[in-house]
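Residues per chain, in single letters:
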Amino acid sequence: MATLVARRTTAAALGLAGALVLAACANPTDGGTTEVAATPGSKTKINISPDQNRVTTGKVGSIAAEVPERIRRRGTLELVASSGSAAPLTFYATDNKTVIGVEPDIAHLVADVLGLKAHINTVSWENIFVGLDSAKYDAGFSNITVTEERKEKYDFATYREDNLAFEARKGSGLKVTGPKDVAGRTVAVGSGTNQEKLLVEWSAENKKAGRKPVDVKYYQSDSDTYLALQSGRIDLYLGPNPTAAYHAATTGRTEIVGTYSGAGARLQGRIAATTKKDSGLAQPLADALNHVIDNGTYAKVLKRWGLSGEAVARSEINPPGLPKTGS
């Protein structure tokens, strides 16, 4: 694992190339599609209609047998994701009610391997963790970053790299390469996210260096955030790179002005399936993820959503995560 972390460290630096490149908006005349490019020069259309025709795979008996008996007996894998619409991660199809995206697709693949029916519940961000704590949900697939603090309460099985992005109005002239570039700036961020943790730490670092702190703002929805960005009430929005890149490319009104690893400057962040600590699910989740990585269906899902650049070579259980404040 140490070698893997060392190889990833360079990629954690600011200026990381965007993992998502998009080229057009939804076109209702061809069934509801958006054109994306997983890699430069290679475009593909993704399906954003309610008829998803998801990538599927078969049950693996030996891995399914690892699932706790109570879940096997139930026959469903109770999964949870954020109700906030964030393309291409988890969002609503053109019917405005069907939940689609890379996160649901990976969750369905895992359920296939485990021989269970995926039942995805959408709730507010904070209620993801409330539901996991109470065992109402078996696992979260919702762009959840591995952090050292979260590892005290949850087990993780990784499945994507975690990269963040600073988004500004197009033509802003801004460039974010470190804490000094956000000193005195008004920056929006989601409450309770690892993005918030990083931004607060940068603000503290600026104050310690004698620079102005960051004016951190919170909004109830993405639409409110982008309205504030366009009106000039905020300078920047810090969020997941895939959603920021998607928004910038499909609206043409914003741009990515800096990227960062979700685990800080010294470690490549990881997104993971999240389950209550000692639930007995971490191992089967990781084994299922490694199976779909090996059989190629995982790569097909990432390519389908333009996220091939965020692929991981293996699913790891509880790898090093975003350090605690002051670590």
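All figures in this text were calculated on a predicted structure; none of them were measured in a lab.

Colleague: Where do I start with the overall build of the chain in this structure?
Modeller: Scanning the chain from N- to C-terminus turns up 10 helices and 14 strands. Intrachain contacts of the chain at a sequence separation of at least 6 include 75% that bridge at least 24 residues.

Colleague: Honestly, empty space enclosed by the protein in this entry has me stumped. Any pointers?
Modeller: Taken as a whole and judged by the stated rule, the model has 3 cavities of 30 Å³ or more. In this structure, the second largest cavity encloses a volume near 50 Å³. Lining the second largest cavity are L164, F166, L198, L199, W202, L238 and Y260. Contributing elements (two or more residues each) for the lining of the second largest cavity: β9 (154–169) and α6 (194–208). Here the residues of the lining of the second largest cavity are counted per class, giving 7 nonpolar, no polar and no charged.

Colleague: Even after reading the chapter, I still don't get the pairing of strand β13 (residues 254–261), so can you show me in this structure?
Modeller: Of all 8 residues in β13, 6 are buried; the element is thus mostly enclosed. When β9 meets β13, the two strands line up antiparallel, connected through 7 bridges. Paired with F166 across the bridge in β13 is G258.

Colleague: Help me understand the side chain of N206, please; the structure alone is not making it clear to me.
Modeller: Tracing the sequence through the fold places N206 in helix α6. Not counting residues within four places of it along the chain, the set of residues in contact with N206 comprises P179, K180, V182, A183, R211, K212 and V214.

Colleague: Where do I start with the packing of aromatic side chains in this structure?
Modeller: Aromatic ring pairs: the centre-centre distance and the angle between the two ring planes describe each pair. In this structure the tally under the stated criterion is 8 aromatic pairs. The interplanar angle of 20 degrees and the centroid separation of 5.7 Å between the aromatic rings of F166 and W202 together place this pair among those described as stacked. Of this pair, F166 sits in strand β9 while W202 sits in helix α6, and the two are 36 residues apart along the sequence. W202 gets classed as buried once you look at its relative accessible area, which sits at 7%. By way of ring pairs, the aromatic residues F91, Y246 and W305 are connected into one cluster.

Colleague: Sorry if this is basic, but what is going on with the pattern of salt bridges here?
Modeller: Under the criterion given, the structure shown has 14 salt bridges. Among the ionic pairs, K153 bridges to D133, the shortest N-O distance being 3.1 Å. Of the two residues, K153 sits in the loop between β8 (139–140) and β9 while D133 sits in helix α5 (residues 125–133), which places them 20 residues apart along the sequence. Since its relative accessible area comes to 29%, D133 is described here as partly exposed.

Colleague: How should the layout of surface pockets be read in this particular structure?
Modeller: Using a probe with the size of a water molecule, rolled over the atoms, empty space left in the structure can be pinpointed. Counted as a void, the largest pocket has a volume near 1200 Å³. What lines the largest pocket is a set of 40 residues, and nearest its centre among them are G84, S85, A86, D222 and Y237. For the lining of the largest pocket, the secondary structure elements donating two or more residues are α5, β9, β10 (186–189), α6, α7 (222–231), β12 (236–240) and α8 (241–251). Counting residues per element, the lining of the largest pocket draws most heavily on α8, which supplies 5 residues. In the lining of the largest pocket, the residues fall into 15 nonpolar, 21 polar and 4 charged. Looking at the lining of the largest pocket, you find at least three residues from each of domain 1 (58–161 + 268–317) and domain 2 (163–261).

Thresholds, definitions, all that
- Residues numbered from 1 in each chain as written.
- Predicted model: local features only at pLDDT ≥ 70, side-chain atom pairs only at ≥ 80, totals over all residues.
- Heavy atoms only, no water.
- Helix = DSSP H or I, 4+ residues; strand = E, 2+ residues; numbered from the N terminus.
- Contact = heavy atoms within 4.5 Å.
- 1 Å grid on protein atoms, 1.4 Å probe; cavity = no way out; pocket = protein on both sides within 12 Å on 5 of 7 lines; lining within 4 Å.
- Points joined across faces, edges and corners; volume = space filled by probe spheres on them.
- Nonpolar A, V, L, I, M, F, W, Y, C, P; charged D, E, K, R; others polar.
- Buried < 20%, exposed > 50% of the residue type's maximum accessible area, 1.4 Å probe, protein only.
- Pairing = 2+ DSSP bridges.
- Phe/Tyr/Trp six-rings, centres within 6.5 Å; stacked < 30°, edge-to-face > 60°.
- Salt bridge = Lys/Arg side-chain N within 4 Å of Asp/Glu carboxyl O.
- Domains from an automatic or database assignment.

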